[in-house]
Structures are given as structure tokens and as C-alpha cells.
Amino acid sequence: MTVLDVIFYPNDVLRANSEPVTVFGYALKKLISDMFETMDAYDGIGLAAPQISVTKQVLVVGHKSQRFALVNPEITSFSGVSHMEEGCLSLPGVLVDIERAESIVVRAKDSDGVDFEMVYSGLVATIVQHEIDHLKGVLITDLGTTRLQIDE
Ligand SMILES: [Zn+2]
């Protein structure tokens, strides 16, 4: 396993539209395991592949007991409203107040290419929406009122 370098804004890769994964095999499993290790090394709770310079539709989430990867994720339903102050590993020191859906239904593939559907709510729903935005080149500074975090 390898800790990868997280790239920082501004960087064109963070603005790219990531491509769907079409090959499910060792390379994808290694990418996902490296992404988990990188997320942990940076003390993150989520990481999207473009943040480590890979423009593929892959993201990982790690919050308490919820640790999972989504490949080619698509949100099929949104409900409720949640407000949260979000940070991003690619935008150190920046916090943005963002309104998102409180609960979402996501259709995705697992690392073996098997389709599944899951409901996420609360903080995990926020993380998933944040990371899916990365796959479309959208950053938190596009979505809400930015303020700089003074002490970190
Ligand atoms: Zn982010």
C-alpha cells in the first residue's frame, strides 16, 4: 500500500470530469486501498480519485464505522436539507458553509464491478455528495460562502 500525494487547488485536474471505471481488477483494488491509506494519512473523512491525480470515478469514505468505496457513483434521489461547514484536503485552511441533501440514494459499483444501491444520511451523505462533486470538477468554493479558517 502507498500513501499518494494529494493535489491542491489550483490544479486543472481538480476541474476535470472524471471517466467511469470500465476495468475491474487488481489495479482498481490497489487504487482503492491506496486511497484509503492516503485519506487516513491526511486525516480526511473522504477522498476522490482526482485529488490524487487520477481522473476516474472512484471515491472513498471513512467516518467511524462507515468505511466504503464507491465506483461510478450516481445519486438517484435527494431528500431533506442539511447545512454543514465543509473543508477539503485540496483546499487547506478553507471552510465553506454548504447546503446539501440530508439523505441520498446512490447507485454505484463495488470494486468487483457489482452494482448496488445504498441510502446515506447525515454526515456520510454530505461526504458522498462532496466527493461526487470532485468527480465532476466541482469544489466547495463553487457552492457556498467561503471563509478562511484562521487557526489550523
Ligand atoms: Zn474535497
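Just so it is clear, the structure is predicted and the values come from calculations on it, not from any experiment.

Draft legend 1. Quick look at the nonpolar core. Counting 26 residues, the largest nonpolar core has Met 35, Val 58, Leu 59, Val 60 and Val 128 as its most contacted members. Elements represented by at least two residues in this core include exactly α1 (26-41), β1 (46-48), β2 (58-63), β3 (66-79), β6 (103-109) and α2 (122-135). In this structure Val 60 touches Ile 32, Met 35, Phe 36, Met 39, Gly 46, Leu 47 and Ala 69, once residues within four positions along its chain are discounted.

Draft legend 2. Spatial organisation of the pairing of β3. Direction of pairing for β2 relative to β3: antiparallel, over a ladder of 6 bridges. Pairing of Val 58 across the sheet is with Val 71, part of β3. Remark: 2 residues form the turn of the hairpin made by β2 and β3, two consecutive strands paired antiparallel; Lys 64 in that turn has positive phi of roughly 50°. Note: β3 against β6, 6 bridges, orientation antiparallel. In the strand pairing of β6, Glu 74 is matched with Arg 107.

Draft legend 3. Broad picture of the sheet that holds β6. Here we have 5 strands laid out as an open sheet, ordered β1-β2-β3-β6-β7, and antiparallel in their pairing. For this open sheet the edge positions go to β1 and β7 (115-121), each flanked by a neighbour on one side alone. Neighbour-to-neighbour, the strand axes of the sheet open up by a mean angle of 40°, direction not taken into account. Against the sheet, α1 engages β1, β2 and β3, with an angle of about 45° to β2. Sitting on the sheet, α2 touches β1, β2, β3, β6 and β7, and the angle it makes with β2 is about 155°.

Draft legend 4. Representation of α1. Helix length check: α1 (16 residues) gives 22 Å between terminal C-alpha atoms against 22 Å at 1.5 Å per residue, within 8%. For α1, the full list of buried residues reads Leu 28, Leu 31, Ile 32, Met 35, Thr 38 and Met 39. Down the axis of α1, the buried side of the element spans an arc of 125°, and every buried residue falls inside it. Exposed residues on α1 whose side chains face more than 90 degrees from its buried face are Tyr 26 and Ala 41. Check the buried side of α1 and you find it contacts β1, β2 and β3. Phi for Asp 43, located one or two positions after α1, is positive at around 55°.

Cut-offs applied
- Residues numbered from 1 in each chain as written.
- Predicted model: local features only at pLDDT ≥ 70, side-chain atom pairs only at ≥ 80, totals over all residues.
- Core = buried A, V, L, I, M, F, W, Y, C linked by C-beta atoms within 7 Å.
- Buried ≥ 20, exposed ≤ 12 C-beta atoms within 10 Å, placed from the backbone.
- Helix = DSSP H or I, 4+ residues; strand = E, 2+ residues; numbered from the N terminus.
- Contact = placed C-beta atoms within 7 Å.
- Pairing = 2+ DSSP bridges.
- Axes fitted to C-alpha atoms, helices over the stretch in contact; angles between N-to-C directions.
- Expected span 1.5 Å × (residues − 1).
- Arc of directions from axis to C-beta.

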